[in-house]
Structures are given as structure tokens and as C-alpha cells.
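So the chains spell out like this:
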Amino acid sequence: MIKTVGVLGAGQMGSGIAQLFAWHGYEVILCEIAAAQLAKAQATIRENLERQAIENRLEREEIGAIVARIRPTDSFAELAAAGLVIEAVPENEPLKRQIFRDLDAALPAGAILASNTSSISITRLAAATGRPERVLGLHFMNPVPAMRLVEVIRGEATSDETFAAATAVVASLGKEMAVSRDYPGFIVNRILIPMINEAIFALQEGVATAEAIDKGMKLGTNQPMGPLALADLIGLDTVLAIATVLYEGFRDPKYRPCPLLVRMVDAGHLGRKAGRGFFSYR
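Please read these numbers as outputs of a predicted model, since none were measured by experiment. (Residues numbered from 1 in each chain as written. Predicted model: local features only at pLDDT ≥ 70, side-chain atom pairs only at ≥ 80, totals over all residues. Heavy atoms only, no water.)

Colleague: Would you explain the sheet that holds strand 1 (residues 4–8) in this entry?
Modeller: Strand pairing in a sheet takes place through backbone hydrogen bonds and is either antiparallel or parallel in direction. Strand order in the open sheet made by the eight strands is 3-2-1-4-5-6-7-8, with mixed pairing throughout. Each of the sheet's edge strands pairs with one partner strand only, and the pair in question is strand 3 (70–73) and strand 8 (176–180). With direction set aside, neighbouring strand axes in the sheet form an average angle of 25°. As paired strands, strand 6 (residues 135–140) and strand 7 (residues 149–154) are joined by five bridges and run antiparallel to one another. Along strand 7, the bridge assignment pairs L138 with V152. (Pairing = 2+ DSSP bridges. Helix = DSSP H or I, 4+ residues; strand = E, 2+ residues; numbered from the N terminus. Axes fitted to C-alpha atoms, helices over the stretch in contact; angles between N-to-C directions.)

Here it is in C-alpha cells:
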């Protein structure tokens, strides 16, 4: 049984994953080489838990124990104590492949390696290790503590034992699981990103304003957030990275990234995290 989980990367997704596991009783090793990002993640986790307490979803007395179960570190070697390590770094395949090579060398033979990638091939990541049967995808949705779904992606070599262990972990977190084969974008982003990309094409072509496009999708299809606001939340650099994986993976022009999306990323208008995307957050 897995009792200690490592999370590599303390950005928005990594900190959310760490919070979720600690909330459900796991010991968590949160590894991040950037000291400022690690400190920010710790502060964000505590703020999120305080908010949950205010909303009566959590007893305030529990916050200290949850935070205490998260061990922040900048040392890669400390991850060796985990039975499961989840990589949560940006959508950059060469970076992820190098991380999987390093994790494979640092962790005991029985440890499971998982990626939170939203689009990159699990089979290719697993091939960077000497334990491809112990590698799979665990794609959490954003924001991690609130969203009910986890996509589980089996690579070509993922064993039944590894899949069963992942199934048990997802259930222990109170999440629902959707199993996907290892195709670009898996389930959610293969459908979601083209929708967002088409909304950007509509904006580029002057079909309507950003506000009107989002209003149309929210009120016309009962979505809680319009596609352009959602793109800003995800991060336009991440949207572009996933769109590029889809386009290069399928070689189908219907997946081509909108030129406006490319220009906005080039300009640094990345959405909420940059203070400006399709909408202003300053």
C-alpha cells in the first residue's frame, strides 16, 4: 500500500496535487528546485485550506495536520522515500523525459512513476526509464482539490499491477477515474483544446468580442466558464503546448493552433498568471 507520495514541481498543479494527497492522509514530499516557488506553494496550500475552513468544508483544527504532512524539499534524492512519484512540471517533453530518467535512477525499483501531463505520450516518457511497466499517466484537472476527475493513461507497457495500484489511489482521494488509451491529448484535452482554439479563431476573425464569445458559450451551452476565460485560467502557453502536441501527433489541420494564440504567447500575454490574456487581471 502506498503511504508516501512524491510530487515533483510546485506550480499550480503540483501544489494542488500535494494538498489533495495530504488532505487524504498521505505523507507528501513536495520537491521544487526554485526556493521562491516552493515558498509560494506552501503559502497557497495554507490559503486554500483556510478558505475551505471558511466554507465549512474542513475543520480549522485539521489545517495544521494537513500542512505538516507535506515535506517541502529542493533535494531530488528525498523522493526516494515515496512509493509513488507524480511529475507535475510544464508541458515540455524533453524536460519530462529527462526527469523520468533521473527519477528512474533515484527511486527504488518498486516505485511507480506517474506524469500529470495533459497531452504528452506516456509510452514515450516510460521509454526513458528502465521500468516502463511501472509508469502511467495521472492527469488531475485544475483546480485539483475541487475537480472530481482524474484521467488515468496506460502506456504500452503499463502493467496490470501498476494500473490496479493507481486505481486504488484515485479511489482513496475521492475522485472519479476515466481511463484513456495513450493518444495525443487523451480524452479531455483532445476535445477541450480544439474548442478553445476555435473560440480563438472566432475572435481573430472578428465574429464577436471575447466577452460575447464567452457569454454565448456560458449561457448557450450551460458551461460554468467561457472558453477564452478558461484558456486564461489554464495559461495560454499551456493551451498552445497542448494544441501543438495534438497537431504534431495527428498531423490533421483541424488541430492547428490559431495564429492569434501563438502571437499572444509570444507577447507574454499568458492569462491570469501574467495579469493579461484574452481578459485583463491587473
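Colleague: Whenever I open this one, the packing of helix 7 (residues 188–204) against helix 8 (residues 210–221) confuses me. Can you help?
Modeller: Describing two packed helices takes the angle between their axes plus the distance from one axis to the other. One way to put it is that helix 7 packs onto helix 8 with a least axis distance of 9 Å and a crossing angle of 140°. It follows from the interaxial angle that helix 7 and helix 8 lie oblique. Note that helix 7 runs across helix 8; the crossing there is right-handed. Facing M195, A199, A202 and L203 of helix 7, the residues of helix 8 in contact are A210, I213 and M217. For the contact of helix 7 with helix 8, the residue count by class is seven nonpolar, no polar and no charged. (Parallel < 35°, antiparallel > 145°, perpendicular 65-115°, else oblique. Left-handed = near helix turned anticlockwise from the far one by under 90°. Contact = heavy atoms within 4.5 Å. Nonpolar A, V, L, I, M, F, W, Y, C, P; charged D, E, K, R; others polar.)

Colleague: Is there a simple way to explain the packing of aromatic side chains in this structure?
Modeller: Centre-to-centre distance and the angle between the planes together describe a pair of aromatic rings. Applying the stated criterion to the full structure yields three aromatic pairs. Aromatic side chains F21 and Y26 sit 5.0 Å apart centroid to centroid with 75° between the ring planes, which places their arrangement in the edge-to-face category. What makes Y26 buried here is its relative accessible area of 9%. An aromatic cluster of at least three residues, connected via ring pairs, comprises F21, Y26 and F140. (Phe/Tyr/Trp six-rings, centres within 6.5 Å; stacked < 30°, edge-to-face > 60°. Buried < 20%, exposed > 50% of the residue type's maximum accessible area, 1.4 Å probe, protein only.)

Colleague: What am I meant to see in the pattern of salt bridges here?
Modeller: Where side chains of opposite charge bring their charged atoms close, a pairing between them can arise. Tallied over the entire structure, the rule returns eleven salt bridges. The salt bridge partner of E176 is R148, with a shortest N-O separation of 3.7 Å. Remark: R148 occurs in the loop between strand 6 and strand 7 and E176 occurs in strand 8; sequence separation between them is 28 residues. Exposure remark for R148: the relative accessible area of 60% places this residue in the exposed category. Between R154 and D160 there is a salt bridge, with the nearest N and O atoms lying 2.7 Å from each other. According to the relative accessible area criterion, R154 is partly exposed, its value standing at 25%. Bridged by salt links that share partners, the residues E87, E91 and K96 form one connected network. (Salt bridge = Lys/Arg side-chain N within 4 Å of Asp/Glu carboxyl O.)

Colleague: For this particular structure, what's the right way to read the UniProt feature "domain: 3-hydroxyacyl-CoA dehydrogenase C-terminal" (unreviewed entry) in the chain?
Modeller: Per the UniProt record, "domain: 3-hydroxyacyl-CoA dehydrogenase C-terminal" (unreviewed entry) is found at residues 185–281. Taken end to end, residues 185–281 is 62% helix and 0% strand, and its two terminal C-alpha atoms sit 28 Å from one another. (UniProt positions renumbered as here; feature names shortened; annotations may be inferred.)

Colleague: Got a minute to help me understand unusual backbone geometry in this structure?
Modeller: Peptide bonds are, in most cases, trans, and in most cases residues other than glycine have a negative phi. Backbone torsion omega between N142 and P143 reads 0°, so that peptide bond is classified as cis. As for its position among the elements, P143 is in the loop between strand 6 and strand 7. Not every positive phi belongs to a glycine, and F186 is a case in point at roughly 55°. Its location among the elements puts F186 in the loop between strand 8 and helix 7. For F186, a relative accessible area of 4% puts it in the buried group. With a phi angle near 60°, N222 is a residue other than glycine that sits in the positive phi range. Secondary-structure assignment places N222 in the loop between helix 8 and helix 9 (227–234). Accessibility expressed as a relative area gives 69% for N222, which makes it exposed.

Colleague: In this structure, what is going on with the pairing of strand 4 (residues 84–87)? I would like to understand it.
Modeller: Of the two faces of strand 4, the one carrying L84 and I86 and the one carrying V85 and E87 are both buried. Note that strand 1 and strand 4 share four bridges and pair parallel. When the bridges of strand 4 are listed, V5 appears paired with L84. With four bridges connecting them, strand 4 and strand 5 (residues 112–115) associate as parallel partners. Its bridge partner lying in strand 5, L84 is registered against I112. Running through helix 4 (residues 93–106), the crossover from strand 4 to the neighbouring parallel element strand 5 is right-handed. (Right-handed = clockwise from strand over helix to strand, strands pointing away.)

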